[in-house]
Amino acid sequence: MAVSFPNQYPVNLSPAQRQSLSDITRVGNAPASKIRHAQILLWSDVNRDGGRLSSREIAERLEVHVNTVDRTRKRFVLDGEEPALNRKVRETPPTPPIFDGHLEGQLV
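Now for a quick tour of the structure.

Reading guide: rules and limits
Residues numbered from 1 in each chain as written. Predicted model: local features only at pLDDT ≥ 70, side-chain atom pairs only at ≥ 80, totals over all residues. Heavy atoms only, no water. Helix = DSSP H or I, 4+ residues; strand = E, 2+ residues; numbered from the N terminus. Rg over C-alpha atoms; globule rule 2.2 N^0.38 Å. Buried < 20%, exposed > 50% of the residue type's maximum accessible area, 1.4 Å probe, protein only. Contact = heavy atoms within 4.5 Å. Areas by Shrake-Rupley, 256 points an atom, 1.4 Å probe, with all protein chains shown as cover. Core = buried A, V, L, I, M, F, W, Y, C linked by side-chain atoms within 4.5 Å. Phe/Tyr/Trp six-rings, centres within 6.5 Å; stacked < 30°, edge-to-face > 60°. Lys NZ or Arg CZ within 6 Å of the ring centre and 35° of its normal. Expected span 1.5 Å × (residues − 1). Arc of directions from axis to C-beta. Patch = residues over 30% accessible without salt bridge, like charges linked within 9 Å, V, L, I, M, F, W, Y side chains within 5 Å. Salt bridge = Lys/Arg side-chain N within 4 Å of Asp/Glu carboxyl O.

**Things to note about the overall build of the chain**
Line of reasoning, step 1. Assigned secondary structure in the chain consists of six helices and zero strands.
Line of reasoning, step 2. Reading the chain from its N terminus to its C terminus gives the helix and strand order α-α-α-α-α-α.
Line of reasoning, step 3. In terms of overall size, the chain is more extended than a compact globule, its C-alpha atoms giving a radius of gyration of 19 Å where 108 residues would be expected to give roughly 13 Å.
Line of reasoning, step 4. Taken along the three principal axes of its C-alpha coordinates, the chain extends 65 × 35 × 25 Å.
Line of reasoning, step 5. Going through the 108 residues of the chain one by one, you find that 26% of them count as buried.
Line of reasoning, step 6. In the chain, of all internal contacts separated by at least 6 residues, the share reaching a separation of at least 24 is 56%.
Line of reasoning, step 7. Carbon and sulfur atoms form 53% of the exposed surface of the chain, whose accessible area is close to 7700 Å².

Next up, the structure:
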């Protein structure tokens, strides 16, 4: 069983951030993971009406692992809103290219 550290990375959302995150969750025109991470951040907000939810409650509501909730909170506090919502872009492709520019020029 995973151990959650509830107050290690507290999420404090500004009204503008709260509005943009709620827009993401309401419109539904985004990848599912982005919507899920937005919901995690909204429910983790310290200034949320009704108080913030624990990691375990959020994980049960969204049917994700507790570590996903904690990692999303950590990314938001340390790196900001954009890295917490979106996946990191790969630096290299999964399969390296067969031809480089010089070899391709010879082939053509």
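**Comments concerning the nonpolar core**
Line of reasoning, step 1. Judged by nonpolar contacts, Val11, Leu13, Leu21, Ile24, Ile35, Ala38, Leu41, Leu42, Phe76, Ala84 and Leu85 together constitute the single largest core of eleven residues.
Line of reasoning, step 2. Elements that contribute at least two residues to this core include exactly α1 (15-27), α2 (32-44) and α5 (81-85).
Line of reasoning, step 3. One finds Ile40, Leu53, Ala59 and Val69 within the second-largest nonpolar core, a separate group that totals eight residues.

**Regarding the packing of aromatic side chains**
Line of reasoning, step 1. As enumerated under the stated definition, the model contains zero aromatic pairs in all.
Line of reasoning, step 2. A cation over a ring is seen here: Arg61 above Trp43, with NZ or CZ 5.2 Å from the ring centre.

**So, α1**
Owing to its 3.6 residues per turn, the α-helix aligns residues three or four sequence positions apart on the same side.
Line of reasoning, step 1. Here α1 contains 13 residues, and its C-alpha end-to-end distance of 18 Å stays within 8% of the 18 Å for a straight helix at 1.5 Å per residue.
Line of reasoning, step 2. Restricting attention to buried positions, one finds in α1 the residues Leu21, Ser22 and Ile24. Down the axis, α1 shows its buried residues gathered within 150° of arc, on one side only. Exposed residues lying more than 90 degrees from the buried face of α1 are Pro15, Ala16, Arg26 and Val27.
Line of reasoning, step 3. In this structure, the buried side of α1 is in contact with α2 and α5.
Line of reasoning, step 4. Immediately downstream of α1, the backbone of Gly28 shows phi near 75°, a positive value.

**So, a nonpolar patch on the surface**
Line of reasoning, step 1. Taken together, the side chains of Ile98, Phe99, Leu103 and Leu107 present a nonpolar region at the surface, about 440 Å² in accessible area.
Line of reasoning, step 2. Positionally, Leu107 belongs in helix α6 (residues 101-107).

**Concerning the environment of Leu62**
Line of reasoning, step 1. Among the secondary structure elements, Leu62 is positioned in helix α3 (residues 55-62).
Line of reasoning, step 2. Between the C-alpha atoms of Leu62 and Val108, which are 46 residues apart in sequence, the distance is 52 Å.

**Overview of α3**
Line of reasoning, step 1. Taken residue by residue, α3 has Ser55, Ile58, Ala59 and Leu62 as its buried positions. Around the axis of α3, the buried residues are gathered within 100° of arc, so they sit on the same side.
Line of reasoning, step 2. Of the surrounding secondary structure, the elements contacted by the buried residues of α3 are α2 and α4 (66-79).
Line of reasoning, step 3. One or two positions beyond α3, positive phi appears at Glu63, with a value near 55°.

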